[in-house]
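Here's the letter readout for the chains.
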Amino acid sequence: MRPFRQLCLLSLLACLGACGPNQDPEVLTLGGPFEFTSQDPARDGFVYTRLQVAESLLEVDDAGRLLPGLAQGWAVDDDGLTWHLRLREKVRFHDGLPLDADAVVRALEIARRKPGVLRSAPIVEIRAEDRLGVAIRLARPYNPLGALLAHYSTVILSPASYRDGGEVGWMQGTGPYRLEAFDPPHRIRVTRFDGYWGTPARIPQALYLTGHRAESRALQVMAGQTDIVYTLDPASLDLLRRQKDIRVHSDAIPRTIQIKLNAGHPFLAERDARLAMSLALDRQGIASHLVRVPGMEANQPIPPALADWHLDDLPPIRRDPERARRLLADLGWRPGPDGILQRAGQRFRLTLVTYADRPELAVVATAIQAQLREVGIAVAVGIVNSSGIPSAHHDGSLQLALVARNYGNVADPLSLLAADYGDGGNGDWGAMGWRNEELPALLRGLEAERDPARYRADARRIARILAEELPVIPVLFYTQQTAVAARVRDFGFDPYERNYRISRMSFASP
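These numbers were taken from a predicted model, which means no experiment stands behind them. Note that residues are indexed from 1 along each chain, following the sequence as it is written. In view of the model being predicted, local features appear only for residues whose pLDDT reaches at least 70, and side-chain atom pairs are presented and counted only at 80 or more, with totals across whole chains, interfaces and linings using the full set of residues. By convention in this description, side-chain values take in all heavy atoms of the structure and omit both hydrogens and water.

Reading across from one edge, β4-β5-β7-β6 is the order of the four strands in this open sheet, with antiparallel pairing throughout. For this open sheet the edge positions go to β4 (71-76) and β6 (123-130), each flanked by a neighbour on one side alone. Pairwise comparison of adjacent strand axes, ignoring direction, gives a mean angle of 20 degrees for this sheet. Bridge count for β6 against strand β7 (residues 133-138) is six bridges, and the pairing is antiparallel. Within β7, the residue paired with R127 across the bridge is A135. Packed onto the sheet, helix α3 (residues 101-113) meets β5 (82-87), β6 and β7 and runs at close to 165 degrees relative to β6. At least two DSSP bridges between two strands are required for those strands to pair. Put simply, DSSP marks the helices as runs of H or I at least four residues long and the strands as runs of E at least two long, and each gets a number from the N terminus on. In this analysis an axis means a line fitted to C-alpha atoms, helices contributing only their contacting stretch, and an angle means the value between N-to-C directions, from 0 to 180 degrees. By definition, residues are in contact when any of their heavy atoms lie within 4.5 Å.

The side chains of a regular strand alternate between the sheet's two faces. Whether a residue is buried, partly exposed or exposed follows from its accessible area with a 1.4 Å probe, protein chains only, as a fraction of its type maximum: under 20%, in between, or over 50%, in that order. Within strand β10 (residues 205-210), six of the six residues are buried, which leaves the element mostly enclosed by the surrounding structure. Neither face of β10 is left uncovered, since the one carrying Q205, L207 and L209 and the one carrying A206, Y208 and T210 both have all their residues buried. Strand direction decides the pairing type here: strand β1 (residues 27-32) and β10, joined by six bridges, are parallel. The residue of β10 that forms the bridge with G32 is T210. Both strand β9 (residues 187-192) and β10 contribute to a ladder of five bridges, which runs antiparallel. From the neighbouring strand, T191 faces β10, where its bridge partner is Q205.

Relative to each other, helix α12 (residues 414-421) and helix α13 (residues 439-448) sit at 155 degrees, their axes nearing to 10 Å. When the interaxial angle is binned, α12 and α13 end up roughly antiparallel. For the element pair α12 and α13, the recorded crossing hand is left-handed. When α12 is examined against α13, the residues L414, L417, A418 and Y421 are found in contact with a partner set consisting of L439, P440, L443, L446 and E447. Taken together, the residues of the contact of α12 with α13 sort by class into eight nonpolar, no polar and one charged. What sets the label is the angle itself: under 35 degrees gives roughly parallel, over 145 gives roughly antiparallel, 65 to 115 gives roughly perpendicular, and the rest give oblique. Crossings are assigned a handedness: left-handed for a near helix turned anticlockwise from the far helix by less than a right angle, right-handed for a clockwise turn. Just so you know the grouping, Ala, Val, Leu, Ile, Met, Phe, Trp, Tyr, Cys and Pro go in nonpolar, Asp, Glu, Lys and Arg go in charged, and all remaining residues, Gly too, go in polar.

Our next topic: the pairing of strand β8 (residues 177-183). Here six bridges tie β8 to β9, and the two strands are oriented antiparallel to one another. Bridge assignment links Y177 to a residue of β9, and that residue is R192. As consecutive antiparallel partners, β8 and β9 are separated by three residues.

Moving on: the environment of L179. In this fold, L179 is placed in strand β8. For L179, a relative accessible area of 5% corresponds to the buried category. Each residue touching L179, except ones within four places of it in the same chain, is listed here: Q39, Y48, V53, W170, M171, I188, R189 and V190.

A separate point is unusual backbone geometry. In the segment running from P184 into P185, the intervening peptide bond is cis, with an omega of 5 degrees. Here P185 is to be found in the loop between β8 and β9. For R292, which is not glycine, the phi torsion reads 65 degrees and is therefore positive. Its location among the elements puts R292 in the loop between α8 (283-290) and α9 (321-330). Positive phi values are uncommon outside glycine, yet R501 reaches one of about 60 degrees. Turning to its location among the elements, R501 is positioned in the loop between β20 (488-489) and β21 (506-507).

Written out as structure tokens, the structure is:
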């Protein structure tokens, strides 16, 4: 960290400290970067599963395996066309109504009508079999359904939560915390629900604050005004690690920092052009000196946590600017007077956009800009709202985007990859203007594959195609950095970012 920047941060820290620390023994205060605008699971459900207000039928362990949730068990017919789920006994919503099959059917039918993971599933019918039994009938076998039923957009809410048309008036979930105050886009307060069906929460209340800059969030935890801060910026890590009353947790998650690119652009259509850009990147330097997490260099899009989809035998990508220049020369690119490559009268100039929600992205984008300049590619860097990237994807204006792609948004990444690369693929955050004849058939086959060995073999074939063809350019596997105040006990991190696990936490004795 530069001395001037550090001095400014320390001065601001002194000012924050003068406001007094948060030592309320009843309230856990959390800070994160993502704003929210609604109580609708389809739009902002991630906030409510993380705060343990709303729960889904199935859960996911740290290895991505499905676990019972509100459904205590499930079974699939031999033909793969009907899933049967058995609900837990004696579960009540926060408004006191009992959980039953009719409530589940209503919640899932509303989720099907809205943008979200269930919309793409081949569901024919969702019906109540009896008071605690739910059946989901499919048009064809679809293995990812279990993972979809663990997604935040498919949480089960009380029928009283919904207004006419399926909009959520006030969220009444089943979790260990209930929603008490809702002040979008920056503040949510939750309170312990004493009627919870499982292990009760230890801390009576939690307050979630969002929308602040990463530096400000780091200073708030140093000043004792926030107990836990998620998604830290790299520049604050050294200062935080020197604080005796703060612990910094680094957790690998199934997310990859990668360059989403428009393979339909004339400069990017050739695979060797994309390979040259990949070879120009100093991943080791970016990981060690900018992000400050050595060893997280990405040689393929899908990270190691998703073991079925990750190639253990793939060698690291080493920076090789000389080979990058040769590849570009073979494609007809020649250096101009200023060193920027030219071909057919056009300069190799592109725009790379990224977003501020993930604070390390802007720093990495600047490094990529400098490294591509060394091989003759001029890149302008722009910061946009995260929604601007899908928008530019759809209107065709996107050239390059640096994104933190969440491959664990659904526990089994098959549905995500099918959206990105399958029939009618090129999803908002995946490939653009790129097609492979083999990939869609492999993805379709996996939807019905029941043999784990064959599933793994075809999943890794898909991973190899993506690594070789580079429809996206992987840069780093993601590490989530979290600062936790010393007074917090039993902190835990969910690598799938579904649950902040605050009900398990407690405060140290004063």
